[in-house]
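Each chain, letter by letter, is given below.
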Amino acid sequence: MIEHSLQAIARALANREISSVELTQHYLDRIDRHNPRLNAYLSVDAASSLAQASAADAQLAKGEGGPLTGIPIAHKDIFCAKGWLTTCGSRMLSNFVSPYDAAVISRFKAAGAVMLGKTNMDEFAMGSSNETSFYGPVNNPWDTSRVPGGSSGGSAAAVAARLTPAATGTDTGGSIRQPAALCNLTGLKPTYGVVSRYGMIAFASSLDQAGPLGRSAADCATLLNVMAGFDERDSTSLDRTPEDYSRELAVTTNAKPLAGLRIGLPEQFFGEGCSPEVMQLVESAITEYRKLGAETVTISLPSMTLSVAAYYVIAPAEASSNLARFDGVRYGYRAPEYQDLNELYCRSRAQGFGAEVKRRILIGTYVLSHGYYDAYYLQAQRIRRLIANDFTRAFQQCDVIVGPTSPSTAFKLGEKASDPVQMYLSDIYTIAVNLAGLPGISIPCGFAGGLPAGLQLIGDYFTEARLLNVAHRYQQANPWHLQRPTSFDD
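Residues numbered from 1 in each chain as written. Predicted model: local features only at pLDDT ≥ 70, side-chain atom pairs only at ≥ 80, totals over all residues. Heavy atoms only, no water.

Draft legend 1. Spatial organisation of the overall build of the chain. Of the regular secondary structure elements, the chain holds 15 helices and 11 strands. For a compact globule of 490 residues, the expected C-alpha radius of gyration is about 23 Å, and the chain comes in at 21 Å, within 12% of that figure. Projected onto its principal axes, the C-alpha positions of the chain cover 70 × 55 × 45 Å. The buried share of the chain, taken over its 490 residues, is 61%. Across the chain, the fraction of contacts at a sequence separation of at least 24, relative to all contacts at a separation of at least 6, is 76%. Total accessible area computed for the chain in this model is approximately 17,900 Å², and 52% of it derives from carbon and sulfur atoms. (Helix = DSSP H or I, 4+ residues; strand = E, 2+ residues; numbered from the N terminus. Rg over C-alpha atoms; globule rule 2.2 N^0.38 Å. Buried < 20%, exposed > 50% of the residue type's maximum accessible area, 1.4 Å probe, protein only. Contact = heavy atoms within 4.5 Å. Areas by Shrake-Rupley, 256 points an atom, 1.4 Å probe, with all protein chains shown as cover.)

Shown next, in the form of structure tokens:
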């Protein structure tokens, strides 16, 4: 059952070939056996999960339910879930039990999905390797001495090791797509505003976006159909007519199913900076797309070279504001010893936050301070507009933009921990998508030295269905996504 797609699992449940309770228990058993090697899960509540599974079985017995009814799903520990510990990978929230559900959690509950557990993550989603978590790093299932990517590394590792059929993640600068690439998964970052951020603990509010992590584009389409939708509680949520994101995935007998598709190849993606092994796999994938009928055109995104610099001004600025609420007074970690209110604030924040979070708060406070706002923050926002304009011009020449997701395969744990700049450059191909608010997806495109690599597809606003179709056609012809790490077999 762990090799089945979400669609196949749904059919098995509907036909009563397996019960949701049996399926959920199977995954709980796998978590119990294998999670100590991965550290992918932070919270598991077997009683709660099995109760949800039993309710799903009762619904299925009546002939009711939908595509996800009874299917276990893991959630990144950035989403508030009523009655569950919600830590955001931080000591600051190590004792916080949420009194309410995030919009994403509510939507999965309404769809009848079973909440399997909460997954590990970089602290407050700040990181590219899942090494900044207060609860320790997550290990990559393909090689446990390497990182799974961040910040949604726990979700990615759990899906890759088949400790859950699928999972949720969040993407602020590549935090769904990059771990998807490093763990041989499909990960989708939707258009900003398509999925509600209500109840999703904020890092950088103008960049954060929730999305699915699954084994295939078809699975991600099924998940996005549940996640997407307007939410009046989120001021950035977009009020749009609901759509079926799997509508273009119907089976076709056309030998060239992508005939007429124009794929843009940015000059900036194919220069220096990417490992030769990964670039070779990316170029092979582009050749496969040509066989499927697509044509390629060379495009330019001249401002993209400034995206990392702009991001690391804007994101820390927003983080310094968002994280000001964690003061040791209302909830979360409180320093055990202090003399007065000021010392309570200082000690609680100094002890509650990790090194990377402190670094970004300091940077953000600095760039927003008097005398530096115009020089840094305002300039970064201007660059952000230039980046968005570059994409607008590019999509006049092409339908989809293609390139690497990550400049390398998974690196060793601790390899870049002492050099923040090198760590930040891990997201060089993904950050511009968040700055522009565009949708992007990473799909498996092969292996280099036994480690998976990812191909990134970027679309214009609200073209998730097209992106999923383009990814799906590749996966039909090149099933890299079906390979899994065998060291976690029962």
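Here the narrative resumes, following the displayed structure.
Draft legend 2. Layout of the side chain of Glu 123. Relative to the helices and strands, Glu 123 resides in the loop between β3 (114-119) and α5 (153-160). For the buried residue Glu 123, which engages in no salt bridge, the nearest side chain bearing the opposite charge is Lys 358, 8.4 Å off. A polar atom in the side chain of Glu 123 sits 3.0 Å from the backbone nitrogen of Gly 354. Setting aside chain neighbours within four positions, we find Glu 123 in contact with Cys 88, Gly 89, Ser 90, Arg 91, Thr 132, Ser 133, Gly 352, Phe 353, Gly 354 and Val 357. (Lys, Arg positive; Asp, Glu negative; His and termini not counted. Salt bridge = Lys/Arg side-chain N within 4 Å of Asp/Glu carboxyl O. Polar contact = N/O pair within 3.5 Å; in protein donor to acceptor, adjacent residues only side chain to side chain.)

Draft legend 3. Geometry of the nonpolar core. In terms of nonpolar packing, the biggest core is built from 142 residues, with Phe 124, Tyr 289, Phe 391 and Leu 457 touching the most fellow members. In terms of residue count, the dominant contributor to this core is helix α9 (residues 307-322) (nine residues). Look past the residues within four positions of Phe 391 in its chain and what remains in contact with it is Leu 301, Ile 401, Ala 432, Ala 436, Leu 438 and Ile 458. Grouped together as the second largest cluster of nonpolar side chains are six residues, Val 147, Leu 182, Phe 411 and Met 423 included. (Core = buried A, V, L, I, M, F, W, Y, C linked by side-chain atoms within 4.5 Å.)

Draft legend 4. Geometry of the side chain of Lys 416. With respect to the secondary-structure elements, Lys 416 resides in the loop between β9 (400-404) and α13 (420-424). Within the buried set, Lys 416 has no salt-bridge partner at all; the shortest N-O distance to an opposite charge, 5.6 Å, is to Glu 415. In contact with Lys 416, not counting residues within four places along its chain, are Phe 411, Gln 422, Met 423 and Ser 426.

Draft legend 5. Region of the structure containing the pattern of salt bridges. Evaluation of the coordinates by the stated rule reveals 21 salt bridges. Put simply, Arg 177 and Asp 171 hold a salt bridge, and the shortest N to O gap is 3.0 Å. For Arg 177, a relative accessible area of 0% translates into the label buried. Among the ionic pairs, Arg 240 bridges to Glu 243, the shortest N-O distance being 3.1 Å. Of the residues examined, Arg 240 reaches a relative accessible area of 30% and is grouped as partly exposed. A single network of salt bridges, built from pairs that share partners, joins Glu 3, Arg 162, Arg 215, Arg 484 and Asp 489.

Draft legend 6. Region of the structure containing the packing of aromatic side chains. Tallying each qualifying case throughout the model produces 18 aromatic pairs. An aromatic cluster is built from Phe 96, Phe 124, Phe 326, Tyr 331 and Phe 353, whose rings are joined through pairwise contacts. Sitting over the face of the ring of Phe 488, Arg 37 holds its NZ or CZ atom 4.3 Å from the ring centroid. (Phe/Tyr/Trp six-rings, centres within 6.5 Å; stacked < 30°, edge-to-face > 60°. Lys NZ or Arg CZ within 6 Å of the ring centre and 35° of its normal.)

Draft legend 7. Structural view of a nonpolar patch on the surface. Together, Val 329, Leu 341 and Tyr 345 give the surface a local cluster of nonpolar side chains, amounting to about 240 Å² of exposed area. Assignment of secondary structure puts Tyr 345 in helix α10 (residues 341-352). Taking the relative accessible area as the measure of exposure, Tyr 345 reaches 31% and is therefore partly exposed. (Patch = residues over 30% accessible without salt bridge, like charges linked within 9 Å, V, L, I, M, F, W, Y side chains within 5 Å.)

Draft legend 8. Structural context of the pairing of strand β4 (residues 167-170). Where burial is concerned, the two faces of β4 agree: the one with Ala 167 and Gly 169 and the one with Thr 168 and Thr 170 are both buried. Pairing analysis gives four bridges linking β4 to strand β6 (residues 210-214), with the strands arranged antiparallel. Bridging across to β6, Thr 168 finds its partner in Pro 212. (Pairing = 2+ DSSP bridges.)

Draft legend 9. Region of the structure containing helix α7 (residues 217-227). In terms of burial, α7 is a largely internal element, 10 of the 11 residues being buried. Every buried residue belonging to α7 is among Ala 217, Ala 218, Asp 219, Cys 220, Ala 221, Thr 222, Leu 223, Leu 224, Val 226 and Met 227, and all of these are buried. Note on α7: the residue one or two positions beyond its end, Gly 229, has a positive phi of about 145°.

Draft legend 10. A look at unusual backbone geometry. Here the bond from Gly 150 into Ser 151 is cis, since omega is 5°, no more than 30 degrees from zero. Notably, Asn 39 is not glycine yet its phi reads approximately 60°, a positive angle. Tracing the chain through its elements places Asn 39 in the loop between α2 (20-38) and β1 (41-43). If you check the backbone angles, Cys 88 has positive phi at about 55° while not being a glycine. Its location among the elements puts Cys 88 in the loop between β2 (72-76) and α4 (103-110). Under the relative-accessibility criterion, Cys 88 is labelled buried at 1%.

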